[in-house]
Amino acid sequence: MTSVPARSPEVVRNDYETQLNEHWEAKTNDDINLLLGKADGLYHHHYAVGDFNRHVLTAPPDQRQRLILNEMHRMESEQVALIHDGLGDLSPSARVLDAGSGRGGTSFMVHDRFGCRVDGVNFCEHHLAFSQELAARRGCADSVRFHYANMVATPFPNASFQYVVTNETTMYVDLFEAFAEFSRLLEPGGRYVLVTWCQNDAVTAPGTSPEVDAINTHYVCHIHPRSTYFRALAANGLVPSTVRDLTAEAMPYWELRSHSELSTGVETPFLDGYRLNRLNYLVIVAEKAKTTERATS
């Protein structure tokens, strides 16, 4: 297995990041992710949109759980089409940053779709080693590289990328800090594609949603208000061109997962949050302004 560097203060920088890092480092045997990826070697740490095959719920008991897992994995892999669609038409010479790359599923699927170079950043050491080994097995280690780094303070030079993607990772960072880093890394006119769940602060004020509180506790995350995404994008010269609200489409995945033997209890707050419109699922595509003076946050 590829070795990774020891934890550095420049990567894990404060008490919250230490807590989050320890949370992920402890999840070495995470069945909800590892079992789903065994079939095709694509391991994801995100959820899904769209409906599922309802027949799996009435399958014979000795087959039902296997079929539910297969359906969950199909859905989570197809979710990456949200990233593909947001990226548009990429040249094989393009360079993409996957910020918060997990075990590499999104990175590999972007590379497989476009043939471009992808750099993933992650500060969980066993995720990093896992994804590096997968890249070697898949024969794409020269084109899909994974780096031990904090996604809001990467080691790359200015304007290193034409594209940045985050697939359900922004609830672990300060948005103003993260978007400032992505703006720095993007070439003028470059594109940022963001998939996230967020609190609908048009419906409930921050700190008043029990569903958001439960999810934050479960995942050691900080779900941001929806409005904060747009303020942080604007403050850093990232101009939204597409905003898709897929809240209704995000519910079936959690309904299906609630029937799985691998359910963890977080299914109920996600379903309740989406049904009550306290939680939203968004896809945002934004372009870096070709000339801009970033506003202060």
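Everything that follows concerns the structure shown earlier in this document.
Residues numbered from 1 in each chain as written. Predicted model: local features only at pLDDT ≥ 70, side-chain atom pairs only at ≥ 80, totals over all residues. Heavy atoms only, no water.

### Looking at the overall build of the protein chain
Okay, so step 1: Helix and strand counts for the protein chain stand at eleven helices and seven strands.
Okay, so step 2: Relative to a compact globule of 297 residues, whose C-alpha radius of gyration would be 19 Å, the protein chain shows 18 Å and is just as compact.
Okay, so step 3: Overall size of the protein chain, expressed as C-alpha extent along the three principal axes, is 60 × 45 × 40 Å.
Okay, so step 4: Residues counted as buried form 56% of the 297 residues belonging to the protein chain.
Okay, so step 5: Here the analysis covers contacts within the protein chain between residues at least 6 apart in sequence; of these, 80% occur between residues at least 24 apart.
Okay, so step 6: Between the centroid of the 26 positive side chains of the protein chain and the centroid of its 37 negative side chains there is a distance of 3 Å. (Helix = DSSP H or I, 4+ residues; strand = E, 2+ residues; numbered from the N terminus. Rg over C-alpha atoms; globule rule 2.2 N^0.38 Å. Buried < 20%, exposed > 50% of the residue type's maximum accessible area, 1.4 Å probe, protein only. Contact = heavy atoms within 4.5 Å. Lys, Arg positive; Asp, Glu negative; His and termini not counted. Charge placed at Lys NZ, Arg CZ, Asp CG, Glu CD.)

### Some remarks on the environment of R244
Okay, so step 1: Relative to the helices and strands, R244 resides in strand β6 (residues 238–245).
Okay, so step 2: C-alpha separation for the pair R244 and V283, spaced 39 residues apart in sequence, amounts to 5.0 Å.
Okay, so step 3: Apart from residues no more than four positions distant in its own chain, R244 is found in contact with L82, Y281, L282 and V283.

### Side note on the packing of aromatic side chains
Okay, so step 1: One pass over the structure, following the stated rule, counts 18 aromatic pairs.
Okay, so step 2: Measuring from centroid to centroid gives 5.1 Å for F182 and Y192, while their planes differ by 55°, and the two rings are tilted. With F182 in helix α7 (residues 175–185) and Y192 in strand β5 (residues 186–199), this residue pair connects regions lying ten residues apart in the sequence. Of the two residues, F182 and Y192, neither departs from the other in class, the shared state being buried.
Okay, so step 3: Members of the aromatic cluster, connected to one another through ring pairs, are Y47, W197, Y219, Y253, W254, F270 and Y274.
Okay, so step 4: R103 extends its terminal NZ or CZ atom over the ring of F130, reaching a point 5.3 Å from the ring centre. (Phe/Tyr/Trp six-rings, centres within 6.5 Å; stacked < 30°, edge-to-face > 60°. Lys NZ or Arg CZ within 6 Å of the ring centre and 35° of its normal.)

### Overview of the nonpolar core
Okay, so step 1: Among the nonpolar cores identified, the biggest contains 69 residues, and W197, Y219 and F270 are the most heavily contacted of them.
Okay, so step 2: Ranked by the residues each element gives to this core, the list is headed by helix α10 (residues 247–257), at five residues.
Okay, so step 3: Of all hydrophobic cores here, the second largest spans 28 residues; its members include F161, A178, Y229 and L282. (Core = buried A, V, L, I, M, F, W, Y, C linked by side-chain atoms within 4.5 Å.)

### Thoughts on the layout of surface pockets
Okay, so step 1: Approximately 660 Å³ is the volume attributed to the largest pocket.
Okay, so step 2: Taken together, 39 residues form the lining of the largest pocket, with W24, H45, E168, T169 and Y172 sitting closest to its centre.
Okay, so step 3: Every element with two or more residues in the lining of the largest pocket is listed here: α1 (15–25), α2 (31–37), α5 (105–114), β2 (117–122), α8 (210–219) and α10. (1 Å grid on protein atoms, 1.4 Å probe; cavity = no way out; pocket = protein on both sides within 12 Å on 5 of 7 lines; lining within 4 Å. Points joined across faces, edges and corners; volume = space filled by probe spheres on them.)

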